[in-house]
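# Working through the structure, step by step
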Amino acid sequence: MWLHGKAELDVWEFESAHVTTPRTHVVPGLTAAGKLRKGIKHRHRLDVGPVKMMAALARSGATLSPDATVGFWRAAGAAARFQEACTRSGRNMLATAGLIGHLRDSTRTALAGDLGQAFTWLLAVEHFKNTAVVDFGRGCSLLSPAVPGPGLGDQRPDFMASSVPWTKIALFESKGTIQASLDEVQWRDGLAGGLDQTSSGDRWLTAHGQAGVVSQQLAVSFALVEQPCSAAAFADPEDPTPGELPASSRLALVRAHFGAWAAAGGGVALAERLWHPEVAASVLEESIAPLPTVVLRNRPMRLLMPDEPLGGSPALWFRFFPYPLYAPTLHLVDEAVLRAVVAGELDLIAESIDAFRRAFEEPGEEDAEGARERATFADGTVYTSEFDPDLSFRAQ
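Residues numbered from 1 in each chain as written. Predicted model: local features only at pLDDT ≥ 70, side-chain atom pairs only at ≥ 80, totals over all residues. Heavy atoms only, no water.

What follows is about the layout of surface pockets. Here the largest pocket defines a volume of roughly 310 Å³. In terms of lining, the largest pocket is formed by 18 residues, of which the most central are Val 26, Val 27, Pro 28, Leu 182 and Trp 187. Breaking the lining of the largest pocket down by element, the ones donating at least two residues are β1 (7–14) and α8 (187–207). Of all the elements, α8 adds the most residues to the lining of the largest pocket, at 3 residues. Counted by class, the lining of the largest pocket contains 9 nonpolar, 4 polar and 5 charged residues. (1 Å grid on protein atoms, 1.4 Å probe; cavity = no way out; pocket = protein on both sides within 12 Å on 5 of 7 lines; lining within 4 Å. Points joined across faces, edges and corners; volume = space filled by probe spheres on them. Helix = DSSP H or I, 4+ residues; strand = E, 2+ residues; numbered from the N terminus. Nonpolar A, V, L, I, M, F, W, Y, C, P; charged D, E, K, R; others polar.)

Structure (structure tokens):
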């Protein structure tokens, strides 16, 4: 069981032309001389830990769900799936011993897909600093003019994302695999297939009146292996476009992103209201008014409370939510960020996110010896416990 400490994951950035050229070898790593192998542009390193990965599993599951209730239940199983699949040895992230042997094909595929989506969500937020990450189909409906969602048989990417000031869209397609070793990973198949899906998403938007708004098309492949160490790779064609999203589309995407945050923690009513752009700011204000206030690093934070039908007594809920393993986990959002989202003021949202980032310096996990870890994300959300030494509760 992986409860404490970080692992360091190699994330290899490939040239998209290399990935999409038939019969090329797409193999991450260094040559014997210590140089990047052919087709690799950069080697990135990403710190990952149990709280951060479980939070990413919860958030990606909620983001890709058809409604907030389903999103909550998908998020609720994040801890179990992570602990079933992942462990670490030193600084290496690995598949748990015997994982491949006891998973049936369909179960292995589903678990690998969930982990791939979680890592892609994490990469979008941590590495690319996106502060709006939504399901592609939901994102289509939020654009102005609205775009119909692709049909079940249509190729499409998983995520539509955007970063401050939210004038452009990035499309992310995730791939995941679980193998005995890195040598067994078919990197080219995952990345090339992912780029096909992001390209299809761009064409879909263009065909429905949203030409020029996609600035990035990223295929991400995550490989969880038993040895020697897990890794990930991505490819991005880098094709800047001149179009920009209108303000109404930008706000709708940001609201939907925080709607998934609410859904992952059981705040179903708040999530549904954030997911619907027509819901007025005054109604949203009523939804967040009961949320308790805590203070973390001198920043007021709002503590998400699950809806009564899902959670019942907060005292009982904290024993189980959202990672029922070792310490009650608190699901927080920066108060200034949340209030700006509710007010619908894009400039104020950007300013609040920037202030949050400065307060926490480097978004990521902080791990004191023997202490509960904290996962801090660049969008203004935090996952920690009531035992966090920097945390204080404010009387309502």
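Once the structure has been displayed, the description carries forward.
Here the focus is the nonpolar core. In this structure, Met 93, Met 160 and Leu 224 are the most contacted members of the largest nonpolar core, which totals 109 residues. By size, the runner-up hydrophobic cluster in this structure holds 16 residues, among which are Phe 14, Val 26, Val 185 and Ala 219. (Core = buried A, V, L, I, M, F, W, Y, C linked by side-chain atoms within 4.5 Å. Buried < 20%, exposed > 50% of the residue type's maximum accessible area, 1.4 Å probe, protein only.)

Most of helix α4 (residues 78–85) sits out of view: 6 of its 8 residues are buried. Within α4, the full set of buried residues consists of Ala 78, Ala 79, Arg 81, Phe 82, Gln 83 and Ala 85.

Summarising the element assignment, Thr 21 is placed in the loop between α1 (16–20) and β2 (40–48). Take Thr 21: its relative accessible area is 36%, and that puts it in the partly exposed class. The spacing of Thr 21 and Ala 56 is 35 residues in sequence and 32 Å in space, taken between C-alpha atoms. In this structure the side chain of Thr 21 is engaged in a polar contact, spanning 2.5 Å, whose partner is the backbone oxygen of Ala 17. (Polar contact = N/O pair within 3.5 Å; in protein donor to acceptor, adjacent residues only side chain to side chain.)

Further remarks concern the environment of Ala 350. Mapped onto the elements, Ala 350 comes out in helix α15 (residues 346–360). Overall, Ala 350 belongs to the partly exposed group, its relative accessible area being 21%. Taking the C-alpha atoms as reference, Ala 350 lies 9.7 Å from Asp 379; in sequence the two are 29 residues apart. With residues up to four places along the chain from it excluded, the contact list for Ala 350 reads Val 164 and Trp 166. (Contact = heavy atoms within 4.5 Å.)

Attention now goes to the pairing of strand β6 (residues 159–162). Alternating positions in β6 separate into two faces, Phe 159 and Ala 161 on one and Met 160 and Ser 162 on the other, with burial throughout. Across 4 bridges, the pairing between strand β5 (residues 132–135) and β6 is antiparallel. Looking at β6, one finds that Val 134 is bridged to Met 160. (Pairing = 2+ DSSP bridges.)

The next thing to look at is the state of the cysteines. Tallying each qualifying case throughout the model produces 0 disulfides. Not part of a disulfide, Cys 229 finds its nearest cysteine sulfur in Cys 86, a span of 14 Å. (Disulfide = S-S within 2.5 Å.)

What follows deals with the packing of aromatic side chains. Where two aromatic rings form a pair, the distance of their centres and the angle of their planes describe that pair. One pass over the structure, following the stated rule, counts 8 aromatic pairs. Judged by centre distance (5.4 Å) and plane angle (40 degrees), the ring pair of Trp 2 and Phe 82 falls under tilted. Highlighted residues: Trp 2 in the segment before β1 and Phe 82 in helix α4, separated in sequence by 80 residues. For the pair shown, Trp 2 and Phe 82 are each scored as buried. Measuring from ring centre to ring centre gives 4.6 Å for Phe 72 and Trp 73, while their planes differ by 65 degrees; the resulting arrangement is edge-to-face. A relative accessible area of 2% places Phe 72 in the buried class. We classify Trp 73 as exposed; its relative accessible area is 53%. These aromatic residues form a ring-pair network of at least three members: Trp 121, Phe 377 and Tyr 383. Between Arg 138 and the ring centre of Trp 275, over which it is positioned, the NZ or CZ distance is 3.8 Å. (Phe/Tyr/Trp six-rings, centres within 6.5 Å; stacked < 30°, edge-to-face > 60°. Lys NZ or Arg CZ within 6 Å of the ring centre and 35° of its normal.)

Across the sheet, which stays open at both edges, the 7 strands sit in the order β2-β1-β9-β8-β7-β6-β5 with mixed pairing between neighbours. Pairing within the sheet leaves two strands with one partner each, and these edge strands are β2 and β5. Taking each pair of neighbouring strands and ignoring which way they run, the sheet shows an average axis angle of 25 degrees. The pairing of β1 with β2 spans 8 bridges and is antiparallel. Within β2, the residue paired with Glu 8 across the bridge is Asp 47. (Axes fitted to C-alpha atoms, helices over the stretch in contact; angles between N-to-C directions.)

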